[in-house]
Amino acid sequence: MIDNNSIEQLKQTIDIVDVVGNYVELKKNGSNFKGLCPFHDEKTPSFIVSPSRQTFKCFGCGIGGDAIKFLMEFEKLNYPEAIEKLASQYNFTLRYTKGQESGNRERRILETIGRWYRANLERNEGAKNYLKQRGVSLASIEKFGLGYAPSSEETLAFLQRTLIPLQKAEEVGLLGSERGRYYARLIERVIFPIFSPSGMPVGFGGRTLGNHPAKYINSPQTKLFNKSRLLYGYHLAKEQIYRKKRLIVVEGYMDVIMLHQAGFQTAVATLGTALTKDHLPLLTKGEPEVIVAYDGDAAGIEAAMKAALLLSRHNFAGGVILFEGGMDPADMVNAGNADTIEALFAAPIPFAKFVIDRMVASSDIHTPRGKEEAFRNVRNYLQTLSPFLLEEYLPYASSLLGISSARLKPGRSATEAAKGAEASILTLSDIAEKSIIKTLLKTPTLTDMVLDVMDASMFRTHKEAFTALMEGRENSELLQIDFDDSIKIYSEEELKKQLNYFLRRYYEKALDIIKKYDKLPLEKKMFYLRKYKEYINQLKRGELVPYESHSTL
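These numbers were taken from a predicted model, which means no experiment stands behind them.

Assigned secondary structure in the protein chain consists of 26 helices and 18 strands. Projected onto the principal axes, the alpha-carbon positions of the protein chain cover approximately 100 × 60 × 40 Å. Taken across its 553 residues, the protein chain has 47% of its residues classed as buried. For the protein chain, the proportion of contacts with a sequence separation of at least 24, taken over those separated by at least 6, is 63%. Of the accessible surface of the protein chain, which amounts to about 27200 Å², a share of 50% is contributed by carbon and sulfur atoms. Positive and negative side-chain charges of the protein chain, numbering 74 and 68 respectively, have mean locations separated by a distance of 2 Å.

Structure follows, in structure tokens:
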């Protein structure tokens, strides 16, 4: 049995946000974190993780507990299995009541074979020459722990010399077996160790130096290694990702290594698979801008399209870069083109724009059938976007297709759009109000900017929520806005632009009301008309109208 004191020490070592964040896309929510519950279907997040209490709780289905309980429920493990898995993930050595150490056996096997692979690299000129030709420095070889796997016979002999049971070596993915005979999975390959986000070895990738048809292979799925949840190099990149708020996703091991070598230390790579929903928890940590940087060949474009669809639907900031001319990031770094890479990273194609461009380009819109196909694809895609992304890219998509925005807008016909002009204005106003409120919830330092130009009376539909926010009291509508992930959170510059748009709508509407209001004395009516026209012209010049200047009207 596992010693109870050892379990308590493990609990003090782990962080529940880190544990749950490997499985659930979490977002900061005040002092807590929130996300969609992984234990039942829901569209509005009701799953809360508390760092101070080190617990989770779903207010939808009622499940809750600590990190061990979460792992038991998610991975379907019993109590000892969950503890041992957490211990392995955190490089923590458990103590057992009988005195033996266990729970880290898999880690020790992987560490032992990893050291042997590294030692083999020193002795293999072919592997060293390959890395030298690719431009990999000695510092990078050490940083990423690169090695070399020799023949199957040599690997089996090493395992037997070091008294590693072959069955255990198979369980961690080092060996395969056929008809009772074991064989090494990685043979005559340059080795790339793969680590968990916390820095624990979980598997290996290998690049053949021979004529093997599979140029790259990874460890098979094990209880430690799940390639759909891992990103190569993340354990080395995460600190810089949090600091720089940028994460670069590339296609291969060498791309990551060479980008790090050139100073792009937020680069990571998928492990022979496309980006999936399982990667989102890692991508979300630190809330970085995500740049998908793939080769410009057919396979790279297809992978970039899948990534852009996924990330735009989940409202990620960032975009796509395609490397043209048959050059991948590793080749460009090796050729001394780091400045070109930096320029590319500074101007990615936004995810939604990339998707729309590809959808339109994949159909011949000069023919009726092709245009109809592109129209249908783009319209269905727009329906998956948040209201603000929809508002931003609807005009762009309609201009590419040469049709009106009203026809392309999801869920509405052209006739309905024409009849619902006022409703559209109300919808945009509703979206703007929600985003202003949510921005102030998440960035209270911008409150003064808002209060300088408006007050609660100017809100059409969310006056009570805004008032509650300003007074610091609880409000159900305010809570709903806080939990709605489709509502955009503005940067300071975006907030200025949105306030300008919001105020123009407000004063244009007010001007129209004053023009039609006959009971107002003529002198006062003319005063209001002049003032509102002044404000509108000021706003058209990109200047905000201070609230003090109109509060007495």
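And the narrative resumes.
Orientation of helix 1 (residues 4–13) relative to helix 4 (residues 79–89), taken along the N-to-C sense of each, is 50°, at an axis distance of 11 Å. Relative to helix 4, the element helix 1 is oriented oblique. For the crossing formed where helix 1 meets helix 4, the hand is left-handed. Residues Ile-7, Leu-10 and Lys-11 of helix 1 touch helix 4, and the partners they reach there are Tyr-79, Ile-83, Leu-86 and Ala-87. Each residue belonging to the contact of helix 1 with helix 4 can be placed in one class, and the counts come to six nonpolar, no polar and one charged.

The next point concerns the pattern of salt bridges. Evaluated as defined, the whole model comprises 19 salt bridges. Among the salt bridges present, the one from Glu-106 reaches Lys-223, with a minimum N-O distance of 3.0 Å. Residue Glu-106 is located in helix 5 (residues 105–123), and its partner Lys-223 is located in the loop between strand 13 (216–218) and helix 10 (234–244); the two are separated by 117 residues in the primary sequence. With relative accessibility at 8%, the residue Glu-106 sits in the buried group. Taking the shortest distance from any N to any O, the salt bridge between Arg-134 and Asp-331 comes out at 3.9 Å. Taken together, the residues Arg-134 in the loop between helix 6 (125–133) and helix 7 (138–144) and Asp-331 in helix 14 (residues 329–334) connect sequence positions 197 residues apart. Residue Arg-134 is classed as buried on the basis of its relative accessible area, which comes to 18%. A single network of salt bridges, built from pairs that share partners, joins Glu-8, Lys-11 and Asp-66.

What follows covers helix 23 (residues 463–471). For helix 23, the complete set of buried residues consists of Ala-465, Phe-466, Thr-467, Ala-468 and Leu-469. Gly-472 lies just past helix 23 and shows a positive phi near 70°.

Parts of the model with low pLDDT should not have their predicted coordinates read in detail. Mean pLDDT over the protein chain: 86, with 93% of residues reaching 70 or higher. Ignoring residues within four places in sequence, the model shows residues 99–103, a span with pLDDT below 50, making ten contacts including any to other chains. Counting contacts from residues 549–553, a segment whose pLDDT is below 50, to residues more than four positions away or on other chains yields eleven contacts.

Looking now at the packing of aromatic side chains. Per the counting criterion, the structure on display carries 24 aromatic pairs. For the ring pair Phe-459 and Phe-466, a centre distance of 4.5 Å and an interplane angle of 25° mean the geometry is stacked. Each member of the pair, Phe-459 as well as Phe-466, carries the same accessibility label: buried. Counting every residue linked through ring pairs, the aromatic cluster contains Tyr-23, Phe-39, Phe-47, Phe-56, Phe-70 and Phe-74. Note that Lys-28 overlies the ring of Phe-33, its terminal NZ or CZ placed 5.2 Å from the centroid. Over the ring of Phe-375 we find Arg-407; its NZ or CZ atom is 5.7 Å from the centre of that ring.

Moving on, we come to the side chain of Thr-284. With respect to the secondary-structure elements, Thr-284 resides in helix 12 (residues 280–284). On the basis of relative accessibility, which here comes to 7%, the residue Thr-284 falls in the buried class. A polar contact is formed between the side chain of Thr-284 and the backbone oxygen of Leu-280, at a distance of 2.6 Å. Each residue touching Thr-284, except ones within four places of it in the same chain, is listed here: Glu-25, Leu-26, Lys-27 and Phe-316.

Quick look at the nonpolar core now. Within the largest apolar cluster, 58 residues are counted, with the highest numbers of intra-cluster contacts made by Tyr-117, Leu-146, Leu-174, Tyr-232 and Phe-345. Among all residues touching Leu-174, those that are not within four sequence positions of it are Ile-109, Leu-110, Ile-113, Tyr-117, Ala-169, Tyr-183, Ala-184, Arg-185 and Phe-204. Ranked by size, the runner-up nonpolar core spans 45 residues in total, among them Met-359, Val-360, Val-378 and Leu-382.

Here the focus is the sheet that holds strand 12 (residues 201–208). If you trace the four strands from one edge of the open sheet to the other, you get 8-11-12-13, paired in antiparallel fashion. Here the strands that pair on one side only, and so sit at the sheet edges, are strand 8 (147–149) and strand 13. The sheet shows a mean angle of 35° between the axes of neighbouring strands, taken without regard to direction. Here strand 12 runs beside strand 13; their pairing, made up of three bridges, is antiparallel. By the bridge assignment, Arg-207 is partnered in strand 13 with Tyr-216.

We now examine the pairing of strand 3 (residues 47–50). Successive residues of a regular strand alternate their side chains across the two faces of the sheet. Side-chain alternation along strand 3 places Phe-47 and Val-49 on one buried face and Ile-48 and Ser-50 on a second face that is also buried. As paired elements, strand 2 (residues 32–35) and strand 3 share three bridges and run antiparallel to each other. Within strand 3, the residue paired with Gly-35 across the bridge is Phe-47. Summarising the sheet, strand 3 and strand 4 (residues 55–58) pair through four bridges and their orientation is antiparallel. Opposite Phe-47, over in strand 4, you have Cys-58 as the bridge partner.

Thresholds, definitions, all that
Sequence positions are assigned chain by chain, starting from 1 and proceeding in written order. The predicted nature of this model means local features are confined to residues of pLDDT at least 70 and side-chain atom pairs, given and counted, to a pLDDT of 80 or more, with totals for whole chains, interfaces and linings taken over all residues. For the side-chain quantities, the full set of heavy atoms in the structure was used; hydrogens and water were omitted. Secondary structure follows DSSP: runs of H or I at least 4 residues long count as helices, runs of E at least 2 residues long count as strands, and numbering of each begins at the N terminus. Accessible area is worked out with a 1.4 Å probe on protein chains only. A residue is then buried under 20% of its type maximum, exposed over 50%, and partly exposed in between. Residue contacts are counted whenever heavy atoms from the two residues lie within 4.5 Å of one another. Only the protein chains shown count as cover for residues, and the accessible areas themselves come from Shrake-Rupley with a 1.4 Å probe. Counted as positive: Lys and Arg. Counted as negative: Asp and Glu, with His and the chain ends omitted from the count. Each charge is placed at NZ for Lys, CZ for Arg, CG for Asp and CD for Glu. Fitting a line to C-alpha atoms yields each axis, with helices limited to the stretch in contact; the angle taken between N-to-C directions then spans 0 to 180 degrees. Here the word oblique covers every angle except those under 35 degrees (roughly parallel), over 145 (roughly antiparallel) and from 65 to 115 (roughly perpendicular). Put simply, a crossing is left-handed when the front helix is turned counterclockwise from the back one by less than a right angle, and right-handed when it is turned clockwise. For this scheme, ten residues count as nonpolar: Ala, Val, Leu, Ile, Met, Phe, Trp, Tyr, Cys and Pro. Four count as charged, namely Asp, Glu, Lys and Arg, and the remainder, Gly too, count as polar. Salt bridges are counted wherever a side-chain nitrogen of Lys or Arg sits within 4 Å of a carboxyl oxygen of Asp or Glu. Per-residue confidence from the prediction method is given by pLDDT, with values spanning 0 to 100. Pairing of aromatic rings covers Phe, Tyr and Trp, the last through its six-membered ring, and needs centres within 6.5 Å; plane angles under 30 degrees mean stacked, over 60 mean edge-to-face, and all others mean tilted. In this scheme, the term charge over a ring applies when either NZ of a lysine or CZ of an arginine sits within 6 Å of the ring centre and within 35 degrees of the ring normal. For this analysis, a polar contact is any N or O atom pair within 3.5 Å, provided that within protein one partner can donate a hydrogen and the other can accept it, and provided that sequence-adjacent residues contribute only side-chain to side-chain pairs. Side-chain atoms within 4.5 Å link the members of a nonpolar core, which is a set of buried Ala, Val, Leu, Ile, Met, Phe, Trp, Tyr and Cys residues. For two strands to pair, DSSP has to find at least two bridges joining them.

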